[in-house]
Amino acid sequence: MKTIKFTKLALLAFLAFGLFSCSDDDDGGDVIMPTNTIADFVAENDDYSSLQAALEVTGLDATLDGSANYTVFAPNNAAFNSFLSANGFSSLDEVPTDVLTEILLNHVQEGEITSGALSTGYIESMATGMASDSPLSLYINTDDGVMINGVSTVTTADVEVDNGVIHAVNAVIGLPDITTFATADPNFDILVQALTADESFTFVETLMMTDAPAPFTVFAPTNAAFADVLAELELAGLGDIPADLLSSILTYHVVASSNVRAGDLSDGMMVETLETGSFTINLGDNVTITDENGRTATIIATNIQANNGVIHALNTVLLPENDAIEIETNTIADFVAGNENYSSLLVALEKTGLTSTFTGTDEYTVFAPDNAAFTAFLNDNGFNSLDEVPEALLTQVLLNHVQPGTIMSGDLSTGYIPGLAVWGASEEPLSMYINTEDGVTINGISSVTTADVEADNGVIHAVDAVIGLPDVTTFATADPNFDVLVQALTREESFTFVETLMMSEDPAPFTVFAPTNDAFVALLDELGVDSLADIDAATLEAVLNYHVVAGANVRSGDLSDDMMVETLQGGEFTVNLGDNVVITDERERTATVIAADVQATNGVIHALDTVLLPAE
């Protein structure tokens, strides 16, 4: 029965189609399908006659009569009457066509966006303003219905048509200036209060201008940012900030005569403000701004485009350099300056110009020597005072106490890390050997006495000795994995290995392929002897020299496959590259490099798991 019913319906439909087709053919005309485009809807509704007239004047009626989908916030006649009256026009004929075009496009979105798909925040319209070729923004607020730019409310939503959707609104959405978004977006409520806090302020009038000094770029702090700065300055409210200081702060957030969008920003860019001060742009995972007090703010929303400029939202209020602003900081430099026991370190930082480094916002970990440590350092190195230490040398000695980032003592582990110092044989950072087996010791000479002193820009670990620039022997003696190697190097009174490997002149620099304790134990087993004492002095000296390359600082990146390396002993060995760096000695034995690029001032160390043997 269902099949028969379907067949009858299909036949009726076919006959109906044939009748209409024949009728059209008889009249000689085409089939005219009725449409219901956005333009049709506007033309057929008397309450939108002003909108229709505006569309016709600007030629946008054709755009909205096509097949492309649009979302239109449609103002009715009353909305247009209010717009004309508020802007001093007697009729639409008096509105310049180019201006009217952009105003209409400011009501249009590409695609079909129903009211349920709208959310509070910024979207782009199809209009462009005077300040930029980029689309103007629209601020949508869905907290209570749908409001656009704080001036126009959706009265009837989701009128579906063939080429999109229409949302009726009760006001024309004019081209926004900077103040439009400041007042529309509740996240800027305190900023608006600040801009209007004093009768003498002309910020609102200025930021509505389209002539010079427009366009403006405004870095706008949020309500939370203002709450934070009041707490930082220990003030109860905006009323506690003198008007001239508040004016200075506000103008410090404004760049005049420039529409600077996010894509125009560059790392290290210095930005001059309307206040005449400047701040610095920092690019990274986020865009941050460093103000004249070394404080940082993060841009949390970008490219809110107005007709006369652009807004970027900040999570922190920027503060210009001003005698009336008292900011208590606790930087690494502050800690050193505020502690008499670190007066020598302070003098050293000031002499080398590193004070500013530790005053900034970049984070560091500093192993800080006290006055007694500096006194011992000067005595040990034949200096009567810090004034006698060459500035370049002192700079690198200080940097040999520094790690980038904040590293708490609990995050340190036994092993090698690169410091910030660069000196001598290589342009690569000098290594630091950290030993955490009993507290924290650095390079075997300096112990942490007080750990984890937190500062605004990092952490300080107090140490009991200055960490001098290391030579090759520093790491040999500091790292217990090389204990047997040190015993071998110092076994005979005739050996001069220690003195040689401390040299910074010819035959330095040295590349040392250093066998570990386990490597020596395995060698003794291989040779069938009980201890180093069972190896005659000449043989031991030859073996040790076979691990040293003179006159070269050969880092792992300098090695190549099948590379022949001439040693201080006179023999050679071969480097083989693969998953690991392997060395083949003159007896065809192999050793694997298990730690590379331990950098000293006069050379570099690579640890081996096997002792190399020269030809017999």
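Quick caveat, the model's predicted, so the values are computed rather than measured.

A. Fine view of the overall build of the chain. Broken down by element type, the chain carries 20 helices and 28 strands. Expected size for 616 residues packed as a compact globule is a radius of gyration near 25 Å; at 38 Å, the chain overshoots this value by more than 25%. Dimensions of the chain, computed from the C-alpha atoms along their principal axes, are close to 120 × 80 × 40 Å. Per-residue burial over the chain gives 46% buried out of 616 residues. Considering only contacts in the chain between residues 6 or more positions apart, those separated by 24 or more positions represent 63%.

B. Looking closely at the sheet that holds strand β26 (residues 582-584). With mixed pairing, 7 strands are arranged side by side in an open sheet as β23-β22-β28-β27-β26-β25-β24. Where the open sheet ends on each side, the last strands, each with one partner, are β23 (548-550) and β24 (563-566). Neighbour-to-neighbour, the strand axes of the sheet open up by a mean angle of 30°, direction not taken into account. Looking at chain direction, β24 and strand β25 (residues 572-576) are connected through 4 bridges and run antiparallel. Note on β25: the bridge partner recorded for V565 is F573.

C. Highlighting the nonpolar core. Judged by nonpolar contacts, the single largest core of 34 residues is most densely connected at L191, V218, F226, L250, I311, V317 and L319. Within the residue set of this core, elements represented by two or more residues are α7 (178-184), α8 (189-195), β8 (216-221), α10 (223-232), α11 (243-251), β13 (296-306) and β14 (309-314). Not counting residues up to four positions away in its chain, the partners in contact with V317 are P221, A225, F226, V229, I249, H253 and R295.

D. Region of the structure containing the pairing of β14. Taken across its 6 residues, β14 has 6 buried, putting it largely inside the fold. The two faces of β14 match: G309, I311 and A313 on one face and V310, H312 and L314 on the other face are all buried. Bridge count between β8 and β14: 6 bridges; the pairing is parallel. Residue pairing in the sheet places T217 in a bridge with V310 of β14.

E. Main features of the side chain of H547. Position of H547 relative to the elements: it lies in the loop between α20 (537-545) and β23. The contact partners of H547, leaving out residues within four places of it in the chain, are T511, V512, F513, P515, L608, V611 and L612.

F. Fine view of the packing of aromatic side chains. Under the counting rule described, the total for this entry stands at 13 aromatic pairs. A centroid spacing of 5.8 Å and a plane angle of 70° characterise the contact between Y122 and F181, whose relative ring orientation is edge-to-face. Residue Y122 is located in strand β3 (residues 121-128), and its partner F181 is located in helix α7; the two are separated by 59 residues in the primary sequence. Here Y122 falls in the partly exposed class, since its relative accessible area comes to 28%. According to the relative accessible area criterion, F181 is buried, its value standing at 0%. Judged by centre distance (5.9 Å) and plane angle (90°), the rings of Y546 and F573 are edge-to-face.

G. Up close: the pattern of salt bridges. Applying the stated criterion to the full structure yields 7 salt bridges. Close ionic contact of R589 with E526 constitutes a salt bridge, the shortest N to O distance being 2.8 Å. Of this pair, R589 sits in the loop between β26 and β27 (590-600) while E526 sits in helix α19 (residues 517-527), and the two are 63 residues apart along the sequence. Here R589 falls in the buried class, since its relative accessible area comes to 13%. Given the relative accessible area of 45%, E526 is considered partly exposed. R555 is the salt-bridge partner of D597, the closest N and O atoms lying 3.9 Å from each other.

H. Structural detail: the pairing of strand β15 (residues 364-369). Counting buried residues along β15, 6 of its 6 residues qualify, which places the element largely inside the surrounding structure. The two faces of β15 match: Y364, V366 and A368 on one face and T365, F367 and P369 on the other face are all buried. Bridge analysis of β15 against strand β16 (residues 402-404) gives 3 bridges, and the strand direction is antiparallel. Within β16, the position partnered with Y364 by the bridge is P404.

I. Structural view of the sheet that holds strand β20 (residues 446-455). Reading across from one edge, β16-β15-β21-β20-β19-β18-β17 is the order of the 7 strands in this open sheet, with mixed pairing throughout. Lying at the two open borders of the sheet, with one neighbouring strand each, are β16 and β17 (415-418). Sheet topology places β17 next to strand β18 (residues 431-435); 4 bridges connect them, and they run antiparallel. From the neighbouring strand, I417 faces β18, where its bridge partner is M432.

J. Representation of the environment of L501. Of note, L501 is situated in helix α18 (residues 497-501). Separated by 86 residues in the primary sequence, L501 and G415 place their C-alpha atoms 21 Å from one another. The residues touching L501, leaving out its near neighbours within four places in the chain, are D471, V472, T473, F510, V512 and N602.

K. Structural view of α10. Listed in full, the buried residues belonging to α10 are A225, F226, V229 and L230. Seen along its axis, α10 keeps its buried residues to an arc of 135°; they face one direction. In α10, the exposed positions angled more than 90 degrees off the buried face are occupied by D228 and A231. Contact partners of the buried residues in α10: α8, β8, α11 and β14. Taken from the residues just after α10, E234 is the one with a positive phi, measuring 55°.

L. Highlighting the confidence of the model for the chain. Confidence along the chain averages 92 in pLDDT terms, with 94% of residues attaining 70 or more. This stretch, residues 1-29, has a pLDDT under 50; its non-local contacts, to residues over four places away or in other chains, come to 2 contacts.

Each value, and the rule that gives it
- Residues numbered from 1 in each chain as written.
- Predicted model: local features only at pLDDT ≥ 70, side-chain atom pairs only at ≥ 80, totals over all residues.
- Heavy atoms only, no water.
- Helix = DSSP H or I, 4+ residues; strand = E, 2+ residues; numbered from the N terminus.
- Rg over C-alpha atoms; globule rule 2.2 N^0.38 Å.
- Buried < 20%, exposed > 50% of the residue type's maximum accessible area, 1.4 Å probe, protein only.
- Contact = heavy atoms within 4.5 Å.
- Pairing = 2+ DSSP bridges.
- Axes fitted to C-alpha atoms, helices over the stretch in contact; angles between N-to-C directions.
- Core = buried A, V, L, I, M, F, W, Y, C linked by side-chain atoms within 4.5 Å.
- Phe/Tyr/Trp six-rings, centres within 6.5 Å; stacked < 30°, edge-to-face > 60°.
- Salt bridge = Lys/Arg side-chain N within 4 Å of Asp/Glu carboxyl O.
- Arc of directions from axis to C-beta.
- pLDDT = per-residue confidence, 0-100.

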